[in-house]
Amino acid sequence: MKWWAQQNKKDGYTTISESSSPTVGSASFWLALAVLQGAKVPQSVTMPTVKITQQDLSKWDTLGDSDVAGPSYDYSWVKQNLLTQ
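Computed from a predicted model, the values in this text were never measured in an experiment. (Residues numbered from 1 in each chain as written. Predicted model: local features only at pLDDT ≥ 70, side-chain atom pairs only at ≥ 80, totals over all residues. Heavy atoms only, no water.)

Caption draft 1: A look at the confidence of the model for the protein. Residues at a pLDDT of 70 or more form 100% of the protein, whose mean pLDDT is 92. Confidence, expressed as mean pLDDT per element, reaches its minimum in the protein at helix 3 (residues 57-60) with 90 and its maximum at helix 4 (residues 75-81) with 95. (pLDDT = per-residue confidence, 0-100. Helix = DSSP H or I, 4+ residues; strand = E, 2+ residues; numbered from the N terminus.)

Next comes the structure, spelled out in structure tokens:
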């Protein structure tokens, strides 16, 4: 992300990045907790991908060299987005 931002400032480089979320494990943890608390979980759930566009880059361009871009998933997000699928 840092390289992308630097190149954009240098010569106007633009791109888009999309991948599965490296933070999906945290959603899995919260989903497992919901199961332990008796929640009914759909047989299949779909996690959104991480999509970073040029317009979103400023949210991510301060990541360190060993950091990864990924949203935070908390228990509230899991209840609102996974348990309702």
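Caption draft 2: Broad picture of the packing of aromatic side chains. With the rule as written, the count across this model stands at four aromatic pairs. Relative to Y13, the ring of W3 has its centre 5.3 Å away and its plane inclined at 70°; by these criteria the two rings are edge-to-face. Here W3 is found in helix 1 (residues 2-11), whereas its partner Y13 is found in the loop between helix 1 and strand 1 (17-19), with ten residues between them in sequence. A relative accessible area of 33% places Y13 in the partly exposed class. Summarising the aromatic geometry, the rings of W30 and Y75 are spaced 5.6 Å apart at their centres and angled 45° between planes, so their arrangement reads as tilted. Remark: Y75 occurs in helix 4 and W30 occurs in helix 2 (residues 24-36); sequence separation between them is 45 residues. (Phe/Tyr/Trp six-rings, centres within 6.5 Å; stacked < 30°, edge-to-face > 60°. Buried < 20%, exposed > 50% of the residue type's maximum accessible area, 1.4 Å probe, protein only.)

Caption draft 3: Local environment of helix 1. Of all the residues in helix 1, the buried ones are W4, A5 and Q7. For helix 1, the buried positions fall inside an angular range of 165° around the axis, keeping them on one side. Exposed residues pointing more than 90 degrees away from the buried face of helix 1 are listed as K9 and K10. Check the buried side of helix 1 and you find it contacts strand 1, strand 2 (50-52) and helix 3. Positive phi shows up at G12, right after helix 1, with a value of about 85°. (Arc of directions from axis to C-beta. Contact = heavy atoms within 4.5 Å.)

Caption draft 4: Spatial organisation of helix 2. Between the first and last C-alpha of helix 2 there are 19 Å, a value that for 13 residues agrees with the 18 Å anticipated at 1.5 Å per step. All buried positions along helix 2 are accounted for by A27, L31 and A34. The buried side chains of helix 2 occupy one side of the element, clustering within an arc of 55° when seen end-on. Residues of helix 2 that are buried in the fold lie against helix 4. (Expected span 1.5 Å × (residues − 1).)

Caption draft 5: Structural view of the side chain of S21. Mapped onto the elements, S21 comes out in the loop between strand 1 and helix 2. A polar side-chain atom of S21 sits 2.6 Å from a polar atom in the side chain of T23. Apart from residues no more than four positions distant in its own chain, S21 is found in contact with V50, G70, P71 and Y73. (Polar contact = N/O pair within 3.5 Å; in protein donor to acceptor, adjacent residues only side chain to side chain.)

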